[in-house]
Amino acid sequence: MKAWEYFWTGWVVVTISVSWVAAVICIFGGAIDLHHLIKDLKAMPQESEAEDAMPGEGGQGQ
Amino acid sequence: MRITLIDWIIPVVFLTAIAVGGMLCERLVKGNIDHFLVAGRKIRKFLLAAAGSAAEVGLIAVMFIAEEAYTRGLSALMLPILALYGQVIVGFTGFCVERYRATGAVTMGHFAEMRYGRAFRVFSGAFQFTAILLTIAMFPIAGGTFLTYLLNLPSNFQVWGWAVPTVPVVTAALVAPVIGYTVAGGTISVAFTDYAQFAIAWVSMAVVTVIVLLNCSWGTIVHSVHQTFGALGVNPFLQEGIKGYGIFWIGWMLCQYVWGNLVWPPINLRIASSKEPKAARQMFMITAGLMPGRQGMIILWGLAALVMVPTAVLSVEYLPAGWERLVRMPYYLGTIMPPVVVGLFLAGMIAAEMSNVSAYFMASSAIATQDIIFPWLRGRELSSKSQVRINRLVLLSLAVFAYVFGLVYGLNQTLFTYLMMSAAVYTPGAGAFLTFGLYSKRANVVGAFAGMVAGGILPMLCIVLKFENPNTQFMLAFLSYIAAFVAMIVGTLVGERLGVKPLSLARSSGGNL
């Protein structure tokens, strides 16, 4: 019983600490990625201008 | 709890900004179905991880994870271990995920058609749609119930002499704007709003975790679990009635957390949206650091609620059956949070709900249209704009269904078990056809049909027959994975005997999106 209690205590401390660090990295990294996404999508043509090609049709890998 | 004006202003301003931002993403869709469903396949790893993580934890997850803590004690901390294991297996080895992304498939149905043909796409799509429909039906009611008890609102209020229950009203007010911006902007909206929601939800969860620990120490929690559950509360390998998990549950979850990560529609759509196969794998590596801690924090809240809130103080007369177990934690949090923190937490939790609901409804409408409706319309040329319009109509219909179903359906097991069992109608069979489809050239459509049926039948039995003993359900769910993979192999061998030729991904025409 005691061993399990120590194990869960350590597990909670480690996971919560690691997740807070990972969250900070994701908040900053995600902001940069979002900026790139909007830039990429703005550069793509309108549906009416583009050919009506579907992803996956006629080949592999987008 | 004292709710001040600032506590209402914080979430209203934040959520309005998010909803408007999400709707503005409509301009980026440009009438293109590829933009609507997979954001033009331009999403990079950190945004994928942030959005994916936000999408997987909504108010429903907050409630069912906390319920596991009330019913299993510290053993509930097995959930973060399994979450870590699932992310590591997929993220560090690239198991299935890189090969799947490299196929260019947009949905699992798309992959099913490329590898096993159109008939199997529709067949597996029906299983997938059933599984996710049963799941999302609980989302709106969970959000409405959480907020009602967090804010300690009265269980009903009077309108022209009629007693109107509060939960359905709060539920409708919460879900309507989410459906609005998801209908407008599709996956681009979802990625944008999920990111913003991820940020606010994390900050608020961190603050609340500190407050919970100040209110109820870890030592008190451990002592209380010891008294309430005994060994069942700390050893997850033990099981007795609703307490503890047992070996079958652990075996089932070891499978569910790997293949569920790959084939479950909202996560699968995230893989398809990634810029490249490597980014899809990296998303899992990053979420390996995020998910266990997030679940750990919620379990901590649930354990503290177990210690601090006697069930007798809760008023539950207007809730569907089974939901009375779930309201303990939101009620507890409502009693300990100071002003301003309440506003921040409200914004964070509503944000979590919005990202979760939008991602799941988006994925559900994609399955219904791409895998079931459009394959039946073969021969009619549908423009990309028409496809977007049909997707939006389906999305609205699903929202109405989920709203009504959640308010009338009673739970006879923990919410987590119900949701996992619903998902298991699809995940074992899909795990089998995905794995063999990516790694074996011999896998054929006969095997895929056999795996799908064998994997789905046992979880469906559990849902329909509602077995009293949870361990029977856990055992059948675990066996469903073994059955699906064995049936896939046997079916493929039978198919070879019958002369069925497997479709090759390299030669496949790709099928329709």
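Residues numbered from 1 in each chain as written. Chains lettered and ligands numbered in written order. Predicted model: local features only at pLDDT ≥ 70, side-chain atom pairs only at ≥ 80, totals over all residues. Heavy atoms only, no water.

In terms of nonpolar packing, the biggest core is built from 182 residues, with B:Met138, B:Trp249, B:Trp301, B:Leu333 and B:Phe433 touching the most fellow members. Those residues in contact with B:Leu333 that sit more than four places away from it in its chain are B:Leu150, B:Val208, B:Val212, B:Trp301 and B:Phe345. (Core = buried A, V, L, I, M, F, W, Y, C linked by side-chain atoms within 4.5 Å. Buried < 20%, exposed > 50% of the residue type's maximum accessible area, 1.4 Å probe, protein only. Contact = heavy atoms within 4.5 Å.)

A word on the state of the cysteines. All names here are of chain B. Taken as a whole, this structure holds zero disulfides over all chains when the rule is applied. Here Cys-462 stays unpaired: no disulfide links it, and the sulfur of Cys-255, its closest cysteine neighbor, is 15 Å away. Classification of Cys-462 as buried rests on a relative accessible area of 2%. (Disulfide = S-S within 2.5 Å.)

Here the focus is the packing of aromatic side chains. All names here are of chain B. In total, this model carries 28 aromatic pairs over all chains according to the counting rule given. Each ring, one from Phe-139 and one from Tyr-360, has its centre 4.8 Å from the other, and the planes form 55 degrees; the classification is tilted. Within this pair, whereas Phe-139 is found in helix H10 (residues 139–150), its partner Tyr-360 is found in helix H17 (residues 341–376), the two being separated by 221 residues in sequence. As far as burial versus exposure is concerned, Phe-139 and Tyr-360 are alike and both buried. Relative to Phe-345, the ring of Trp-301 has its centre 5.6 Å away and its plane inclined at 70 degrees; by these criteria the two rings are edge-to-face. You can see Trp-301 sitting in helix H15 (residues 277–308) and its partner Phe-345 sitting in helix H17, a full 44 residues away along the chain. We note that Trp-301, like Phe-345, is buried. Between the NZ or CZ atom of Arg-328 and the centre of the ring of Tyr-70, over which it lies, the distance is 5.9 Å. (Phe/Tyr/Trp six-rings, centres within 6.5 Å; stacked < 30°, edge-to-face > 60°. Helix = DSSP H or I, 4+ residues; strand = E, 2+ residues; numbered from the N terminus. Lys NZ or Arg CZ within 6 Å of the ring centre and 35° of its normal.)

The subject of this paragraph is the confidence of the model for chain B. Interpretation of the predicted coordinates at a detailed level should be avoided for regions scoring low in pLDDT. Residue and element names in this part refer to chain B. For chain B, the average pLDDT comes to 84, and 89% of its residues sit at 70 or higher. By mean pLDDT, helix H3 (residues 33–38) is the weakest element of chain B at 59, and helix H20 (residues 427–439) is the strongest at 95. Residue range residues 509–513 is modelled with pLDDT below 50. Its contacts to residues more than four positions away, or to other chains, number 23 contacts. Taken over the whole predicted complex, pTM reads 0.83, whereas the ipTM for its chain interfaces reads 0.78. (pLDDT = per-residue confidence, 0-100.)

This brings us to the pattern of salt bridges. Residues and elements named next belong to chain B. Overall, the coordinates contain seven salt bridges over all chains when judged by the stated rule. Between Glu-98 and Arg-281 there is a salt bridge, with the nearest N and O atoms lying 2.9 Å from each other. Residue Glu-98 is located in helix H7 (residues 97–103), and its partner Arg-281 is located in helix H15; the two are separated by 183 residues in the primary sequence. Arg-121 serves as the salt-bridge partner of Glu-113, at 2.7 Å between the closest nitrogen and oxygen. When its relative accessible area of 10% is taken as the criterion, Glu-113 is described as buried. Each member of the salt-bridge network shares a partner with another, and the members are Glu-113, Arg-118, Arg-121 and Asp-371. (Salt bridge = Lys/Arg side-chain N within 4 Å of Asp/Glu carboxyl O.)

All names here are of chain B. Position of Pro-330 among the secondary structure elements: in helix H16 (residues 328–336). Judged by relative accessible area, which is 0%, Pro-330 ranks as buried. Sequence separation between Pro-330 and Ala-280 is 50 residues; the distance between their C-alpha atoms is 34 Å. Those residues in contact with Pro-330 that sit more than four places away from it in its chain are Met-63, Tyr-70, Phe-146, Tyr-149 and Leu-150.

Let's shift gears to unusual backbone geometry. Residue and element names in this part refer to chain B. Its identity is not glycine, yet Cys-96 carries a phi of approximately 65 degrees, on the positive side. Position of Cys-96 among the secondary structure elements: in the loop between helix H6 (78–93) and H7. Owing to a relative accessible area of 0%, Cys-96 belongs among the buried residues under this scheme. We note that Asn-152 has phi near 55 degrees; this positive angle belongs to a residue other than glycine. For Asn-152, a relative accessible area of 51% puts it in the exposed group.

For the rest of this paragraph, the subject is the packing of H6(B) against helix H13 (residues 247–263) of chain B. Residues and elements named next belong to chain B. Packing of H6 against H13 leaves a shortest axis separation of 9 Å and a crossing angle of 45 degrees. One way to sum up the angle between H6 and H13 is to call them oblique. Crossing of H6 against H13: the hand is right-handed. Contacts from Met-78, Leu-79, Leu-82, Ala-83, Tyr-85, Gly-86, Gln-87, Ile-89 and Val-90 of H6 reach H13 at Trp-249, Ile-250, Met-253, Leu-254, Tyr-257, Val-258, Asn-261 and Leu-262. Counted by class, the contact of H6 with H13 contains 14 nonpolar, three polar and no charged residues. (Axes fitted to C-alpha atoms, helices over the stretch in contact; angles between N-to-C directions. Parallel < 35°, antiparallel > 145°, perpendicular 65-115°, else oblique. Left-handed = near helix turned anticlockwise from the far one by under 90°. Nonpolar A, V, L, I, M, F, W, Y, C, P; charged D, E, K, R; others polar.)

Residues and elements named next belong to chain B. By secondary structure assignment, the location of Arg-115 is in helix H8 (residues 108–116). For the buried Arg-115, no salt bridge exists, and the shortest N-O distance to an oppositely charged side chain is 9.1 Å, to Glu-496. Within the structure, Arg-115 has its side chain in polar contact with the backbone oxygen of Gly-437 (distance 2.9 Å). A polar side-chain atom of Arg-115 sits 2.7 Å from the main-chain carbonyl oxygen of Leu-503. With sequence-adjacent residues up to four places away left out, Arg-115 is seen in contact with Phe-436, Gly-437, Ser-440, Lys-441, Arg-442, Ala-443, Pro-502, Leu-503 and Leu-505. (Lys, Arg positive; Asp, Glu negative; His and termini not counted. Polar contact = N/O pair within 3.5 Å; in protein donor to acceptor, adjacent residues only side chain to side chain.)

A word on a nonpolar patch on the surface. On the surface, B:Leu479, B:Ile482, B:Val486, B:Val490, B:Val494 and B:Leu498 cluster together into a nonpolar patch covering about 510 Å² of accessible area. With respect to the helices and strands, the residue B:Val490 is situated in helix H22 (residues 470–497). (Patch = residues over 30% accessible without salt bridge, like charges linked within 9 Å, V, L, I, M, F, W, Y side chains within 5 Å. Areas by Shrake-Rupley, 256 points an atom, 1.4 Å probe, with all protein chains shown as cover.)

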